Amino acid sequence: MSPRLFLIAGEPSGDRLGGALMGALKTLAPGVVFGGIGGQSMRAEGVQPPFDIADLSVMGITEVVPRLPMILNRLRVATEAALAHRPDALITIDAPSFSLRVAPRLRRALPGLRVIHYVAPSVWAWRPGRAAKMARSVDHVLALLPFEPPYMTAAGMTCDFVGHPVAGQPASGPVDVAAFRAKHGLGDTPLLLVAPGSRRGEVARMGPLFRETLRCLAATRPDIRPVIPVAETVTSEVAALFPEALLLGAEADAPERRAATAACRAALLTSGTVTLETAAERTPHVAAYKASWLTAAIARRLIGIDTGNLVNLACGWDSGARPVPEFYQEAATPEALSAALRPLLDDTPARAAQIAAADTALLALGRGGEPPAMRAARSVMAALQR
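These notes cover the structure that comes with them. Computed from a prediction, not measured in an experiment: that's the story for all the values here. (Residues numbered from 1 in each chain as written. Predicted model: local features only at pLDDT ≥ 70, side-chain atom pairs only at ≥ 80, totals over all residues. Heavy atoms only, no water.)

**Things to note about empty space enclosed by the protein**
Applicable threshold: Lining residues are defined by having an atom within 4 Å of a point belonging to a cavity or pocket. Those points lie on a 1 Å grid over the protein atoms alone, cavities being sets where a 1.4 Å probe fits but cannot get out and pockets being open sets with protein on both sides within 12 Å along at least five of seven lines. Grid points are joined across faces, edges and corners, and a volume is the space filled by probe spheres set on the points. Only runs of H or I of at least four residues qualify as helices and only runs of E of at least two qualify as strands under DSSP, and these elements are numbered from the N terminus. Amino acids are sorted into nonpolar (Ala, Val, Leu, Ile, Met, Phe, Trp, Tyr, Cys and Pro), charged (Asp, Glu, Lys and Arg) and polar (every other residue, Gly among them).
For the coordinates displayed, the defined rule picks out one cavity of 30 Å³ or more. There is about 40 Å³ of room inside the largest cavity. Sort the elements by how many residues they give to the lining of the largest cavity and helix H16 (residues 349-364) lands first, with three residues. The residue makeup of the lining of the largest cavity, split by class, is six nonpolar, three polar and one charged.

**Considerations on the packing of helix H8 (residues 174-183) against helix H11 (residues 254-263)**
What counts is decided by this rule: Helix axes are fitted only over the stretch in contact, all axes being lines through C-alpha atoms; the angle between N-to-C directions runs from 0 to 180 degrees. The scheme is simple: roughly parallel for angles under 35 degrees, roughly antiparallel for over 145, roughly perpendicular for 65 to 115, oblique for anything else. What makes two residues a contact is simply this: any of their non-hydrogen atoms within 4.5 Å.
Relative to each other, H8 and H11 sit at 95°, their axes nearing to 8 Å. One element, H8, and the other, H11, form an angle in the roughly perpendicular class. Counted together, Asp176, Val177, Phe180, Arg181 and Lys183 of H8 and Glu256, Ala259, Ala260, Ala262 and Ala263 of H11 form the full contact between these two elements. Grouping the constituent residues of the contact of H8 with H11 by class yields six nonpolar, no polar and four charged.

**Describing the pattern of salt bridges**
Cut-off, in case you're wondering: We count a salt bridge whenever a side-chain nitrogen from Lys or Arg sits within 4 Å of a carboxyl oxygen from Asp or Glu. Three exposure classes are used, based on accessible area relative to the maximum for each residue type with a 1.4 Å probe and protein chains only: buried under 20%, partly exposed in between, and exposed over 50%.
Inspection of every chain in the model, using the stated rule, returns 15 salt bridges. Two residues, Arg199 and Glu11, come together in a salt bridge whose shortest N-O distance is 2.2 Å. Remark: Glu11 occurs in the loop between strand S1 (4-9) and helix H1 (12-28) and Arg199 occurs in the loop between strand S7 (191-195) and helix H9 (200-218); sequence separation between them is 188 residues. Here Arg265 makes a salt bridge to Asp347, at a shortest N to O gap of 2.6 Å. With a gap of 82 residues between them, Arg265 in the loop between H11 and strand S10 (266-270) and Asp347 in the loop between helix H15 (334-341) and H16 connect regions that are remote in the sequence. Relative accessible area serves as the criterion here: at 27%, Arg265 is assigned to the partly exposed category. Using a relative accessible area of 70% as the deciding quantity, one classes Asp347 as exposed. What emerges from the salt-bridge pattern is a single network uniting Glu11, Arg199 and Glu202.

**Considerations on the pairing of strand S8 (residues 225-229)**
Rules: Two strands are said to pair when DSSP picks up at least two bridges between them. We call a crossover right-handed when, viewed with the strands running away from us, the connection from the first strand over the helix to the second turns clockwise.
Relative to S8, S7 runs parallel, the two sharing three bridges. Bridging from a neighbouring strand, Leu193 pairs with Val227 of S8. Regarding topology, H9 serves as the crossover connection from S7 to the parallel S8, and that connection is right-handed. In the sheet, S8 pairs with strand S9 (residues 246-248) via three bridges, with the strands oriented parallel. The partner of Pro229 across the bridge, within S9, is Leu248. Between the parallel elements S8 and S9, the chain passes through helix H10 (residues 235-241) in a crossover that is right-handed.

**Observations concerning H9**
An α-helical turn contains 3.6 residues, so any two residues separated by three or four positions project in the same direction. To keep it simple, the criterion reads: Expected helix span is taken as 1.5 Å per residue step, with the number of steps being one fewer than the number of residues. Note on bend: at a given residue it equals the angle between the axes fitted to the 7 residues ending there and to the 7 starting there.
Over its 19 residues, H9 runs 26 Å from end to end, which matches the ideal 27 Å to within 8%, given 1.5 Å per residue. Where H9 bends most, the angle comes to about 35°, and this point is Met206, followed within four residues by the proline Pro208. Those residues of H9 that fall on the buried side of the exposure criterion are Glu202, Val203, Met206, Gly207, Leu209, Phe210, Thr213, Leu214 and Leu217. Looking at the packing, one finds that the buried side of H9 touches S7, S8, H10, S10, strand S11 (285-289) and H15.

**Here's the deal with the sheet that holds strand S5 (residues 140-143)**
Spatial strand order, S2-S1-S3-S4-S5-S6: six strands in an open sheet with parallel pairing. With one partner strand each, in any of the chains shown, strand S2 (33-37) and strand S6 (158-161) form the two edges of the open sheet. Between one strand axis and the next, the sheet turns by 20° as a mean value, whatever way the strands run. Pairing analysis gives five bridges linking S1 to strand S3 (residues 89-93), with the strands arranged parallel. Residue Leu7 lies in a different strand from S3, and its bridge partner there is Ile91. Its contacts with the sheet place helix H4 (residues 68-85) against S1 and S2, and it is angled at close to 165° to S1.

So this is what it looks like as structure tokens:
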């Protein structure tokens with residue numbers, strides 16, 4: 001009998017994970033029946049969500065509180081949609097503050113339901129008690145980082161390292177880069193990738209900072225042109241902040257976005273999955289993040305490591321190696337970011353060290369093996385058969 005699965009993704013990165021997982025599951029179980037909540041990638045695979053996932057793209061205490069009534073409404077709608085689907089398993093994809101609130105509600109109504117969570121929470125970095133709490137409603141976890149499964153199994157869940165999806169993507173080559181430049185009439189203009197975030201709150205905080213960073217950088221590199229891959233959730237906000245940039249919107253497919261990244265000499269990024277996507281194209285980057293003062297104050301008391309960058313983490317977060325410059329809160333200033341970017345634009349030891357670290361990180365995260373989406377699909381099917 002074909003499985004019935006309900007998937008919930010709350011943000012663009014989770015939507016991409018969900019879409020790839022759905023495609024792989026169709027290969028392993030051709031009759032699989034999907035329901036769920038997602039964005040463009042999951043809709044392309046057949047999901048018809050009852051609301052736009054942009055409604056869930058909020059982070060931090062001060063960002064969530066004003067939108068709490070809407071979020072509670074979406075929680076009710078998501079639960080009702082999942083119940084109507086009568087799934088054999090619920091697959092929650094990242095966004096635990098929302099998706100893992102749906103899971104216990106469903107389990108009360110559907111006692112035999114299996115719950116699978118895709119992307120292990122970073123309990124090795126902060127709030128380790130989350131794993132035990134999560135185990136009350138989650139049976140199985142799909143981990144992106146190789147050192148995460150022991151944390152999950154210790155809390156009572158089964159867990160497989162399935163690899164990071166970025167590790168399964170083919171790197172762009174010279175032909176792709178040349179085609180991208182020709183398509184947009186760029187000639188040999190030096191390019192800088194800029195990614196101010198995929199959530200409205202992130203863009204509101206990081207966008208002005210990155211705009212000022214570009215102005216600082218222009219003092220010594222006036223020839224640099226920014227290229228910005230835009231998430232569907234924040235297109236208008238980004239366009240207003242960076243009128244001079246080349247924006248890659250929904251019309252740009254994944255290969256073109258990868259080619260755009262490879263065409264850039266360096267990158268200025270909001271911390272997140274995009275840092276690894278950039279590293280996969282061997283484009284050095286500087287990462288930054290700013291949260292509200294209250295969110296930051298609480299985080300400082302809870303976070304137990306000094307890096308949030310995926311390249312630094314994959315190279316061994318406990319080794320002390322930090323090849324990627326990171327700037328958070330007060331340290332994230334236009335002057336600091338532009339100063340860190342300048343050596344990455346030339347052939348310097350810092351640039352070479354970061355490219356080597358990126359290659360090491362991608363190997364650790366599964367490059368060269370079976371595609372992570374297929375590994376994740378096999379793990380899901382095995383979990384359903386237990």
